[in-house]
Amino acid sequence: MYTQGLDQQSSEDKKKSARDSGSSEDAAALAAFQKRVEAEEKIEAKDWMPDAYRRTLVRQISQHAHSEIIGMQPEGNWLTRAPSLKRKAILLAKVQDEAGHGLYLYSAAETLGVSREQMVADLLSGKAKYSSIFNYPTLTWADIGAIGWLVDGAAIMNQVPLCRCSYGPYARAMVRVCKEESFHQRQGFEIMLELSRGSEQQKAMAQDALDRWWWPSLMMFGPSDTDSRHSAQSMAWKIKRFSNDELRQKFVDVTVPQAQFLGLRVPDDKLRWNDATEHYEFGEIDWQEFHDVLAGNGPCNRERMAKRRRAHDEGAWVREAAEAYALKQAERQAA
Ligand code: FAQ
């Protein structure tokens, strides 16, 4: 009788119980989900989604959030040494923007059911990744120009397509992030412009910064398409709209003329314009360096993590005070 009862269950009921149990994802549910993605419908937090789609988003969005937070450190290093009050105010605003981006992104990830505490714990334990680029040192003021120009430039190239990501909360967060990154890119380029039109020493500083930041910026786009384990599925789900290599090529095509305008030399002997493809050809990335940085052995990995852990510990009193205040408010409301 019992088995018969199950057999008689409508297909809608079966889908519902599969959804409720969060277990078996039947082929019909997966196909319906894919159809929504292909119709460019936004997937929202309460909609059914495959477990693997949810996991991919939590992974990417939390890594992205951690990158924004750790990314405050290289530039934060120059806040007290900016060459003028105006430059200091601009840099302070930029670093605060990065903190804001981290917060929007943690909030977007939380809509997928992961807690902020868990994400932060994964970062602090070294389990979660953040962008390789933030493990390089900022040795001179020109590095602040190079970060804005190249790192924010690469970030925009990668993130503008994320405004069309199939997951609504991530896509919407990216709209504001991209507007701010666009301002950051311009302020970096303007620093480089001023240095490259300055004294011989300033020009040399600008060139040295480009020499050190060029290749790590190209690495930001991730492994080549042949080695990118997530790209194919993420593109099928319309989380990613372009592959890592496509975005890297777009970045090179846009940035090389900017370097020429600055009168600076891109540190790549193989760089040349190809009339037939209408793209720049460029040299091979040092993938060993990329993997070393990802494994925690870049120039500043340990320093970045130590500083983040210290900041977290020193901020314990703020979290405790906020919790005590929330409790007091709740008690007052209940009374
Ligand atoms: N660094 O299969 P794929 C910014 C990992 S924000 C470290 O290609 P996927 C703003 C990848 O996670 C910069 N790890 O992976 C700012 C995966 O590891 P897993 C951050 C990297 O996800 C400016 C494995 O390698 N932006 O700059 C890197 O399809 C200035 C296999 O790779 C974002 O996070 C890397 N460079 O593609 C702040 C944008 N590349 O998880 C302050 C959103 C790859 O399997 C100052 N994210 N990996 O262990 C994305 O678009 C993608 O996640 C990619 C990687 C393109 C980064």
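Residues numbered from 1 in each chain as written. Predicted model: local features only at pLDDT ≥ 70, side-chain atom pairs only at ≥ 80, totals over all residues. Heavy atoms only, no water.

**Student:** So what about the packing of aromatic side chains? Which residues, and what values?
**Tutor:** All chains considered together, the criterion is met by eleven aromatic pairs. Look at Tyr53 and Trp237: their rings are 5.5 Å apart centre to centre, the planes differ by 85°, and that puts the pair in the edge-to-face class. Within this pair, whereas Tyr53 is found in helix α4 (residues 51-70), its partner Trp237 is found in the loop between α11 (231-236) and α12 (244-262), the two being separated by 184 residues in sequence. There is no split in this pair, since Tyr53 and Trp237 are both buried. Consider the rings of Trp287 and Phe290, whose centres lie 5.4 Å apart with planes at 85°: the pair is edge-to-face. Highlighted residues: Trp287 and Phe290, both in helix α13 (residues 287-297), separated by three residues, approximately one helical turn. Given a relative accessible area of 6%, Phe290 falls into the buried group. Among the aromatic residues, those joined into a cluster by ring pairs are Phe33, Trp48, Tyr53 and Trp237. (Phe/Tyr/Trp six-rings, centres within 6.5 Å; stacked < 30°, edge-to-face > 60°. Helix = DSSP H or I, 4+ residues; strand = E, 2+ residues; numbered from the N terminus. Buried < 20%, exposed > 50% of the residue type's maximum accessible area, 1.4 Å probe, protein only.)

**Student:** Go over the nonpolar core with me, naming the residues and quoting the values.
**Tutor:** If you look at the biggest cluster of nonpolar residues, it comprises 75 residues, and the most contacted ones within it are Tyr53, Leu57, Ile61, Tyr167, Tyr170, Trp213 and Trp214. Ranked by residues supplied to this core, first place goes to helix α8 (residues 142-159) with nine residues. Here Leu57 is in contact with Ser62, Leu112, Cys165, Tyr167, Tyr170 and Ile239, once residues within four sequence places are set aside. (Core = buried A, V, L, I, M, F, W, Y, C linked by side-chain atoms within 4.5 Å. Contact = heavy atoms within 4.5 Å.)

**Student:** Could you give me a rundown of the pattern of salt bridges, with the residues and numbers involved?
**Tutor:** Tallied over the entire structure, the rule returns 19 salt bridges. Taking the shortest distance from any N to any O, the salt bridge between Asp208 and Arg212 comes out at 3.1 Å. Highlighted residues: Asp208 and Arg212, both in helix α10 (residues 200-219), separated by four residues, approximately one helical turn. Overall, the relative accessible area of 23% leaves Arg212 in the partly exposed class. A salt bridge links Arg265 to Asp269, with the nearest nitrogen and oxygen atoms 2.7 Å apart. (Salt bridge = Lys/Arg side-chain N within 4 Å of Asp/Glu carboxyl O.)

**Student:** An account of the packing of helix α7 (residues 116-124) against helix α14 (residues 301-314) is needed here, citing residue identities and associated values.
**Tutor:** Between α7 and α14, the shortest axis-to-axis distance is 10 Å and the interhelical angle comes to 140°. By the criterion of interaxial angle, the relationship of α7 to α14 is oblique. Contact residues: Val120, Leu123 and Leu124 in α7; Met305, Arg308, Arg309 and His312 in α14. For the contact of α7 with α14, the residue count by class is four nonpolar, one polar and two charged. (Axes fitted to C-alpha atoms, helices over the stretch in contact; angles between N-to-C directions. Parallel < 35°, antiparallel > 145°, perpendicular 65-115°, else oblique. Nonpolar A, V, L, I, M, F, W, Y, C, P; charged D, E, K, R; others polar.)

**Student:** Go over the state of the cysteines with me, naming the residues and quoting the values.
**Tutor:** Applying the stated criterion across every chain, the model contains zero disulfides. Its sulfur unpaired, Cys165 is 9.6 Å from the next cysteine sulfur, which belongs to Cys163. Given the relative accessible area of 0%, Cys165 is considered buried. (Disulfide = S-S within 2.5 Å.)

**Student:** Please give an account of the packing of α4 against helix α6 (residues 85-110) that cites residues and values.
**Tutor:** To characterise two packed helices, one gives the angle between the axes of the helices and the distance between these axes. It is at 8 Å that the axes of α4 and α6 come closest, and there the two elements cross at 160°. Our classification of the angle between α4 and α6 gives roughly antiparallel. When you trace α4 past α6, the crossing you get is left-handed. Contacts between α4 and α6 involve Ile61, His64, Ala65, His66, Glu68 and Ile69 on the former and, on the latter, Glu98, Ala99, His101, Gly102, Leu105, Tyr106, Ala108 and Ala109. Partitioned by chemical class, the residues of the contact of α4 with α6 number eight nonpolar, four polar and two charged. (Left-handed = near helix turned anticlockwise from the far one by under 90°.)

**Student:** Before we move on, could you go through the confidence of the model for the chain and cite the residues and values that matter?
**Tutor:** Interpretation of this model should avoid reading the predicted coordinates in detail wherever pLDDT is low. Scored by pLDDT, the chain comes out at a mean of 93, with 93% of its residues at no less than 70. Counted against residues more than four places away or in other chains, residues 1-23, with its pLDDT under 50, gives ten contacts. (pLDDT = per-residue confidence, 0-100.)

**Student:** Tell me about the side chain of His64, and name the residues and values.
**Tutor:** Note that His64 resides in helix α4. Using a relative accessible area of 10% as the deciding quantity, one classes His64 as buried. Ignoring sequence-local partners within four residues, the contact set of His64 consists of Leu105, Gln159, Leu162, Tyr170 and Met174.

**Student:** Give a description of the environment of Phe189 that names residues and reports values.
**Tutor:** Among the secondary structure elements, Phe189 is positioned in helix α9 (residues 168-196). Distance in space between the C-alpha atoms of Phe189 and Ile144 is 9.7 Å, their sequence separation being 45 residues. If we ignore the near neighbours within four places in the chain, the residues touching Phe189 are Gly145, Trp149, Gln258, Phe261 and Leu262.

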